[in-house]
Amino acid sequence: MSASEAPYKSFAIAGAGPHIGLPIVQAFLALNVPILVLVRPTSTSTSTLPLADPNLKLAHVDYADTPAVSALLRAHSVDVLISAVSLVTGGVGAQTVLADAARDAGVRLFVPSEYGTPTRGDKSGAGLPKDQFAEYLTSIGIPWLRLYCGLFHEFVPWLAAVEETGKFLIVGKGETPNSFTSIPEVAQYLAHVLTTAPPSRLANTELRIEGQRATLAQFGALFAPSRTVAHVDALPLPAGDFRGFVQAKFEIGAGSSGWDCVTETDDAELARSGNALWEGHRWAGVGEVLGLQ
Ligand SMILES: NC(=O)c1ccc[n+]([C@@H]2O[C@H](COP(=O)([O-])OP(=O)(O)OC[C@H]3O[C@@H](n4cnc5c(N)ncnc54)[C@H](OP(=O)(O)O)[C@@H]3O)[C@@H](O)[C@H]2O)c1
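Along each chain, residues carry numbers from 1 onward, in the same order as the chain's sequence is written. Residue-level local features of this predicted model are given only where pLDDT is at least 70; pairs of side-chain atoms are given and counted only at 80 or more, and the full residue set underlies all totals for whole chains, interfaces and linings. Note that the side-chain values use all heavy atoms of the structure and ignore hydrogens as well as water.

Undergrad: How should the environment of Val 97 be read in this particular structure?
TA: One can find Val 97 in helix H3 (residues 91-104). Residue burial is assigned from relative accessible area. The probe radius is 1.4 Å, only protein chains are included, and a residue is buried under 20% of its type maximum, exposed over 50%, and partly exposed in between. What makes Val 97 buried here is its relative accessible area of 16%. Measuring from C-alpha to C-alpha, the distance between Val 97 and Ala 14 comes to 12 Å, with 83 residues separating the pair along the chain. Dropping the residues within four chain positions of it, Val 97 is found in contact with Tyr 63, Ala 64, Asp 65 and Thr 66. Secondary structure elements are taken from DSSP: a helix is a run of H or I of four residues or more, a strand is a run of E of two residues or more, and numbering for both begins at the N terminus. The criterion used for residue contact is that any of the two residues' heavy atoms lie within 4.5 Å.

Undergrad: Even after reading the chapter, I still don't get the site of the ligand, so can you show me in this structure?
TA: Summary of the distance rule: residues count as near a molecule or strand when at least one heavy atom falls within 4 Å of that molecule or strand. Surveying the vicinity of the ligand reveals 26 residues, the closest of which are His 19, Ser 43, Ser 45, Thr 89 and Ser 113. The term polar contact refers here to a pair of N or O atoms within 3.5 Å; inside protein, the definition further demands a hydrogen-donor-capable atom paired with an acceptor-capable atom, and it admits residues adjacent in sequence only when both atoms are side-chain atoms. Between the ligand and the protein, one listed contact pairs an oxygen atom with a side-chain N or O atom of Ser 45 at 2.8 Å. Interatomic distance of 3.0 Å between a backbone N/O atom of Gly 150 and a nitrogen atom of the ligand. Throughout, the Shrake-Rupley method with a 1.4 Å probe supplies accessible areas, and for residues the shown protein chains are the sole cover considered. Protein chains shield 84% of the accessible area of the ligand, which is 910 Å² for the free molecule. Partitioned by chemical class, the residues of the shell around the ligand number eleven nonpolar, twelve polar and three charged. Under this grouping Gly is polar, as are all residues other than the nonpolar Ala, Val, Leu, Ile, Met, Phe, Trp, Tyr, Cys and Pro and the charged Asp, Glu, Lys and Arg.

Undergrad: Would you take a moment to explain the sheet that holds strand E2 (residues 35-39) for this structure?
TA: Sheets are built from strands that pair by backbone hydrogen bonding, the pairs being arranged parallel or antiparallel. We treat two strands as partners when DSSP finds at least two bridges between them. The strand order across the open sheet built from five strands is E3-E2-E1-E4-E5, with neighbouring strands paired in parallel fashion. Edge positions in the sheet fall to strand E3 (56-60) and strand E5 (109-111), since each of these pairs with one other strand and no more. Along the sheet, successive strands turn relative to each other by an average axial angle of 20 degrees, direction set aside. Pairing of strand E4 (residues 80-83) with E5 involves three bridges; the strand directions are parallel. Residue Leu 81 lies in a different strand from E5, and its bridge partner there is Phe 110. Helix axes are fitted to C-alpha atoms over the stretch in contact, other axes to C-alpha atoms as well, and angles between N-to-C directions run from 0 to 180 degrees. Set on the sheet, H3 makes contact with strand E1 (11-14), E2, E4 and E5; between it and E5 the angle comes to about 165 degrees.

Undergrad: What is the right way to look at the domain arrangement of the chain in this model?
TA: Interface size is commonly expressed as the accessible surface area that is lost when the partners come together. For the chain, the assigned domains are domain 1 (3-150 + 183-208) and domain 2 (153-180 + 212-267). A combined buried area of about 1,100 Å² lies between domain 1 and domain 2, and 59% of that area is made up of carbon and sulfur atoms. Taken together, domain 1 and domain 2 are joined by four residue pairs in polar contact (both at pLDDT 80 or more). For the side of domain 1 that touches domain 2, a count of residues per class yields six nonpolar, six polar and three charged. All the domain ranges listed were derived from an automatic or database domain assignment. The quantity reported as buried area is the accessible area (1.4 Å probe) lost by two parts once they are put together, taken as the sum for both.

Undergrad: I keep staring at the side chain of Ser 113 and nothing clicks. Help me out?
TA: Mapped onto the elements of the fold, Ser 113 is located in the loop between E5 and helix H4 (128-140). Exposure remark for Ser 113: the relative accessible area of 8% places this residue in the buried category.

Undergrad: When you look at the packing of helix H1 (residues 21-30) against helix H7 (residues 183-196) in this model, what are you seeing that I'm missing?
TA: Their axes nearest at 8 Å, the elements H1 and H7 cross at an angle of 50 degrees. In this view, H1 runs oblique relative to H7, as classed from their interaxial angle. H1 and H7 meet at a crossing whose hand is right-handed. Note on element contacts: H7 touches H1 through Ile 183, Ala 187, Gln 188, Leu 190, Ala 191, Leu 194 and Thr 195, opposite Pro 23, Ile 24, Ala 27 and Phe 28. The labels follow the angle: roughly parallel below 35 degrees, roughly antiparallel above 145, roughly perpendicular from 65 to 115, and oblique for the rest. Left-handed is the label given to a crossing in which the near helix is rotated counterclockwise from the far helix by less than a right angle, and right-handed is the label when the rotation is clockwise.

Undergrad: I tried to follow the nonpolar core on my own but got confused; where do I start?
TA: The nonpolar side chains of soluble globular proteins are, as a tendency, buried together. Among the buried residues, those of types Ala, Val, Leu, Ile, Met, Phe, Trp, Tyr and Cys that are joined through side-chain atoms within 4.5 Å form a nonpolar core. Of all hydrophobic cores here, the largest spans 42 residues; its most connected members are Ile 82, Tyr 115 and Leu 194. Looking at this core, the elements with two or more residues in it are E1, H1, E2, E4, E5, strand E6 (145-148) and H7. In terms of residue count, the dominant contributor to this core is H7 (eight residues). With residues up to four places along the chain from it excluded, the contact list for Leu 194 reads Tyr 8, Phe 11, Phe 28, Val 80, Ile 82, Leu 109, Val 111, Leu 145 and Leu 202. One finds Val 61, Val 85, Leu 137 and Trp 144 within the second-largest nonpolar core, a separate group that totals 26 residues.

Right, dumping it as structure tokens:
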């Protein structure tokens, strides 16, 4: 076995926030696999971390300090650095420092903060900084793994502005299929593939998963017993709220894990192509996860 084919053994994560970072930490711990959690000195995430678990190691580090991050990764012989940092609160620059430090420390794989709809070739939308960062990883020569999963099941009520309006609002017809995956399954999938799949299957790969393929109109039917379902031209949300933009993307199928940002086409088979790496897993649907069935 060549050195590059040796299974990944040592894992670290930056950005253990409540949405996806913490569930990824929990997924590693559930497999009894140690994980190093990097947090910024100002972090407020630590109170939710299962610090009593002996497999969890916590390290405070300044993401602006490349040598300090690099020394930390090297000291723990980290093979894989997972990023789940927020990209809306300034994490874009932080990821660049993390990547530089990872390269300097000999990290073998960088998992950038994706966990949404495909971003490769996205030159205009919210995916642009994610795509630019993936190009940066390539430019500095560190292998990467981009994971696309569509919208989290748990974010469906958010997308339809249920909390703010009391209704399930669909911009347009909502009849185009898109991809949806539950948060625990995204996290468990990532931990599973990183600890079981050969590096050659993962390095410089886009993995596309899909827990459920469905339309917003189908989800509206799930909410209909308790909520009015309405089709609207725009969501009645404050300026700057980007859910209307996301729904417009979903109206053309850009929320599918099989979406190609360059050709603007969808491929339903491709959307769930990565599911095969979690053989035998039964994926949960939105109704089941949200308790609507
Ligand atoms: N598919 C979906 O439905 C969906 C939904 C939500 C998010 N996502 C994706 O998941 C990823 C993570 O998003 P999130 O909502 O989980 O993020 P988040 O909760 O806002 O933040 C996650 C963590 O990022 C770190 N962080 C925040 N600002 C930072 C900065 N300026 N520099 C460095 N680190 C910073 C913080 O960790 P510390 O304070 O501990 O250092 C924070 O706990 C993003 O790529 C996002 O697009 C997908």
